[in-house]
Amino acid sequence: MNGWMKLAAALFAAVSLTGCSLLKVAVATGDPLSKEEMNVRTMTRGFYYDMAGEVARAADSIASLSPDVNTRVAAVRWKIRATRAGVNAAMQGIPDVALADMWILCRRMNDAFSAAPDSLLFGPQSGIARDAVRRLDRRAGRLARQLLPADRYDLMASFVDDYIRKNPASEGDETDNTTLAWLEYLGDNGVEHAYATGSIAEVLADVNDRLSGQTQQMSNSIGWSKDIFEMRLEQDSLRLQVGAQLDSLERSFNRIVVVAEHLPEITDKMLEELNRQVAQLMGTMNASVDNAFADFDRQRDELQQYVSREREALVGQLRQTGDDLVRTVLDALPGLVGEILLYLVLALAVLIGGPFALGFWLGGVRQRAKGRKAENR
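Note that the coordinates shown come from a computational prediction; the quantities given were computed from them, not determined experimentally.

**Focus: the overall build of the protein**
Then comes step 1: Counting secondary structure elements, the protein contains ten helices and zero strands.
Then comes step 2: In the protein, the order of α-helices and β-strands from amino to carboxyl end is α-α-α-α-α-α-α-α-α-α.
Then comes step 3: Per-residue burial over the protein gives 26% buried out of 377 residues.
Then comes step 4: Taking all contacts inside the protein whose residues are at least 6 apart in sequence as the whole, residues at least 24 apart take part in 80%.

**Focus: the packing of aromatic side chains**
The description of an aromatic ring pair rests on the distance of the ring centres and on the angle between the ring planes.
Then comes step 1: Per the stated rule, a full pass over the model turns up eight aromatic pairs.
Then comes step 2: Note on Phe159 and Tyr163: the rings are 5.8 Å apart at their centroids and 35° apart in plane angle, and the pair reads as tilted. Residue Phe159 and its partner Tyr163 are located together in helix α6 (residues 150-166), separated by four residues, close to a single helical turn. Accessibility assignment for this pair places Phe159 and Tyr163 in one class, buried.
Then comes step 3: By way of ring pairs, the aromatic residues Phe159, Tyr163, Trp182 and Tyr185 are connected into one cluster.

**Some remarks on the packing of helix α4 (residues 95-115) against helix α5 (residues 126-147)**
Then comes step 1: Two elements in contact, α4 and α5, have axes separated by 8 Å at closest approach and are oriented at 150°. Classified by the angle their axes make, α4 and α5 are roughly antiparallel. The hand of the α4/α5 crossing is left-handed. Side by side, α4 and α5 meet where Leu99, Trp103, Cys106, Arg107, Met109, Asn110, Phe113 and Ser114 of the first sit next to Ala129, Arg130, Val133, Arg134, Leu136, Asp137, Ala140, Gly141, Leu143 and Ala144 of the second.

**A closer look at α5**
Then comes step 1: For α5, which comprises 22 residues, the first-to-last C-alpha distance of 32 Å matches the rise-based estimate of 32 Å (1.5 Å per residue) to within 8%.
Then comes step 2: Turning to α5, its buried residues number three or more, namely Ser126, Ala129, Arg130, Ala132, Val133, Leu136, Asp137, Ala140, Gly141, Leu143, Ala144 and Leu147. Along α5, the residues classed as buried sweep out an arc of 165° about the axis, all on the same side. In this structure, α5 carries Arg145 and Gln146 as exposed residues pointing more than 90 degrees from its buried face.
Then comes step 3: The inward-facing, buried residues of α5 abut α2 (35-65), α3 (69-90), α4 and α6.

**Focus on the pattern of salt bridges**
Then comes step 1: Applying the stated rule across the entire model yields 13 salt bridges.
Then comes step 2: Between Asp50 and Arg139 there is a salt bridge; the shortest N-O distance is 3.1 Å. Taken together, the residues span a long stretch of sequence, with Asp50 in helix α2 and Arg139 in helix α5 at a distance of 89 residues.
Then comes step 3: A salt bridge links Asp162 to Arg165; the shortest N-O distance between them is 2.4 Å. On the criterion of helical spacing, the pair formed by Asp162 and Arg165 is a turn pair, its members being three residues apart in helix α6.
Then comes step 4: When salt bridges that share partners are traced, they join Arg107, Asp137 and Asp161 into one network.

**Some points on the UniProt feature "transmembrane region" (unreviewed entry) in the protein**
Then comes step 1: The sites that UniProt annotates as "transmembrane region" (unreviewed entry) are residues 340-363.
Then comes step 2: Along residues 340-363 the backbone is 100% helical and 0% strand, and the end-to-end C-alpha distance reaches 35 Å.

**Topic: α4**
Then comes step 1: Taking 1.5 Å of rise per residue, the 21 residues of α4 would be expected to cover 30 Å, and the 31 Å separating its terminal C-alpha atoms lies within 8% of that figure.
Then comes step 2: In terms of residue burial, α4 counts as a mostly covered element, since 17 of its 21 residues are buried.

**Examining the side chain of Ser66**
Then comes step 1: Mapped onto the elements of the fold, Ser66 is located in the loop between α2 and α3.
Then comes step 2: If we skip the residues at most four places from it in the chain, Ser66 touches Thr71, Arg72 and Gln125.

**Quick notes on the confidence of the model for the protein**
Then comes step 1: When pLDDT is averaged across the protein, the result is 79; 81% of the residues are at 70 or more.
Then comes step 2: Counting interchain partners and residues more than four positions distant, the pLDDT-below-50 stretch residues 11-28 has three contacts.

**Examining the layout of surface pockets**
Then comes step 1: By volume, the second largest pocket amounts to about 230 Å³.
Then comes step 2: For the second largest pocket, the lining is made up of 13 residues, of which Asp96, Leu148, Pro149, Arg152 and His193 are closest to its centre.
Then comes step 3: Of all the elements in the fold, those that place two or more residues in the lining of the second largest pocket are α2 and α6.

**Notes on the side chain of Arg130**
Then comes step 1: If you trace the backbone, Arg130 turns up in helix α5.
Then comes step 2: Using a relative accessible area of 16% as the deciding quantity, one classes Arg130 as buried.
Then comes step 3: A polar contact is formed between the side chain of Arg130 and the backbone oxygen of Phe113, at a distance of 2.8 Å.
Then comes step 4: Other than its neighbours up to four places away in sequence, Arg130 contacts Phe113, Ser114, Ala116, Pro117, Asp118 and Leu121.

**What about the packing of α3 against α4?**
Then comes step 1: For the pair α3 and α4, the least separation of the axes is 8 Å and the interaxial angle reads 155°. Relative to α4, the element α3 lies roughly antiparallel. Where α3 abuts α4, its residues Trp78, Ala82, Ala85, Gly86, Ala89 and Ala90 lie against Ala98, Asp101, Met102, Leu105, Met109 and Phe113.
Then comes step 2: In terms of residue class, the contact of α3 with α4 is built from ten nonpolar, one polar and one charged.

What counts and what doesn't
Sequence order as written defines the numbering, with residues in each chain counted from 1. Whole-chain, interface and lining totals are the exception, using all residues; otherwise, since this is a predicted model, local features are given only for residues with pLDDT of at least 70 and side-chain atom pairs are given and counted only at 80 or more. Processing note: side-chain calculations cover all non-hydrogen atoms of the structure and skip hydrogens and water entirely. Numbering of helices and strands starts at the N terminus; helices are DSSP runs of H or I of at least 4 residues and strands are runs of E of at least 2. Using a 1.4 Å probe on the protein chains alone, a residue whose accessible area is under 20% of its type maximum counts as buried, one over 50% counts as exposed, and one in between counts as partly exposed. Should any heavy atoms of two residues lie within 4.5 Å, those residues are counted as being in contact. Centre distance within 6.5 Å is the pairing criterion for rings of Phe, Tyr and Trp, where only the six-membered ring of Trp is used; planes under 30 degrees apart are then read as stacked, over 60 as edge-to-face, and the remainder as tilted. Where helices are involved, their axes are fitted lines through C-alpha atoms of the stretch in contact, as for all axes, and angles between N-to-C directions lie from 0 to 180°. These descriptions rest on fixed angle ranges, namely under 35 degrees for roughly parallel, over 145 for roughly antiparallel, 65 to 115 for roughly perpendicular, and the rest for oblique. Here a crossing is called left-handed whenever its near helix is offset anticlockwise from the far helix by less than a right angle, and right-handed whenever the offset is clockwise. Take the number of residues in a helix, subtract one, and multiply by 1.5 Å to get its expected span. Comment: arc refers to directions from the helix axis out to C-beta atoms. Note on definitions: salt bridges are taken to be side-chain nitrogens of Lys or Arg within 4 Å of carboxyl oxygens of Asp or Glu. UniProt positions are given in the numbering used here, feature names are shortened, and annotations may be inferred rather than shown by experiment. Confidence of the prediction at every residue is given by pLDDT, a number between 0 and 100. Of the grid points, spaced at 1 Å and generated over the protein atoms alone, those admitting a 1.4 Å probe that cannot get out make up cavities, while open sets with protein on both sides within 12 Å along at least five of seven lines make up pockets; any residue with an atom within 4 Å of a point is treated as lining. Grid points are joined across faces, edges and corners, and a volume is the space filled by probe spheres set on the points. Polar contacts, as counted here, are pairs of nitrogen or oxygen atoms within 3.5 Å of one another; within protein the pair requires one atom able to donate a hydrogen and one able to accept it, and residues that are adjacent in sequence qualify only if both atoms are side-chain atoms. Any residue that is not Ala, Val, Leu, Ile, Met, Phe, Trp, Tyr, Cys, Pro, Asp, Glu, Lys or Arg is counted as polar, Gly included; the first ten are nonpolar and the last four charged.

Have a look at this one:
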């Protein structure tokens, strides 16, 4: 009963809301891209596919003309890195940023290949790569001039030059995400731009393009990596090295088999040898312990004798010192007693004779004073 009541309440609410004109259910479609932005996105991604194809053809030409394996491997690595950087740059959501990153990528490759010597590129075939990246750099500039208004093209050209000058890459096929740098550059030049995400159809098409481009580039990279492995494997030195390693592994396996077949006999001999060495070791240890204790007893006896001799010598020195001290005291005693008696006599003379002499002198003075007094009368 409760289930039926809940279902009925839900149906009633749905019918009531359907009749309400204030309630609208709609799916947001997003702001569609402008015609100019859509054109920039389409042409930039088309330019990426042309760039990837031209780089791949140039790398294949270098690999086919070069007899050096290292040069062929370097050419294949170049097209792997260049196409990976290109797909990351071209498949960005903001059309202007994608175009700027593709231009920066081509400019960096052109600058790096123009400055590097042949020994650091592809040897005698380096001109093929230089011609290819030079054409790509010019095509990226022409594409930006065709797609952008004159003022926006001038801003992007100066931005590309300024960004490459401030952010040099270690290799010519590296690229960066310049979204923040481009927006800040526009803001510094007084340009405000709001990018639309596009309608649902445009977003789905953008996602499909990104997945398709990334999948194709990953598939190509895997195939080209296999080519590098095959090139390395074709080297005579590598084949010889692998063969030597296999031969060494076979010899090691045969030795293991032989050891496993004779393992019981080897084990018995090992145990016998181990017992003999252990017995020798125990004998050596016993002899070493006995010698150590014998040396300890001898050193203890020598130490006891040394302590006894030193104690007797110390007692003799103390006895001699005591005798000398007593003799010195006795020799100095008469002089000391004489000095004491002299000081005692002097003290008695001072204590007894002093007052007497003073009284006698005072009595004389008093008598003379009385005489002068009598005469004056």
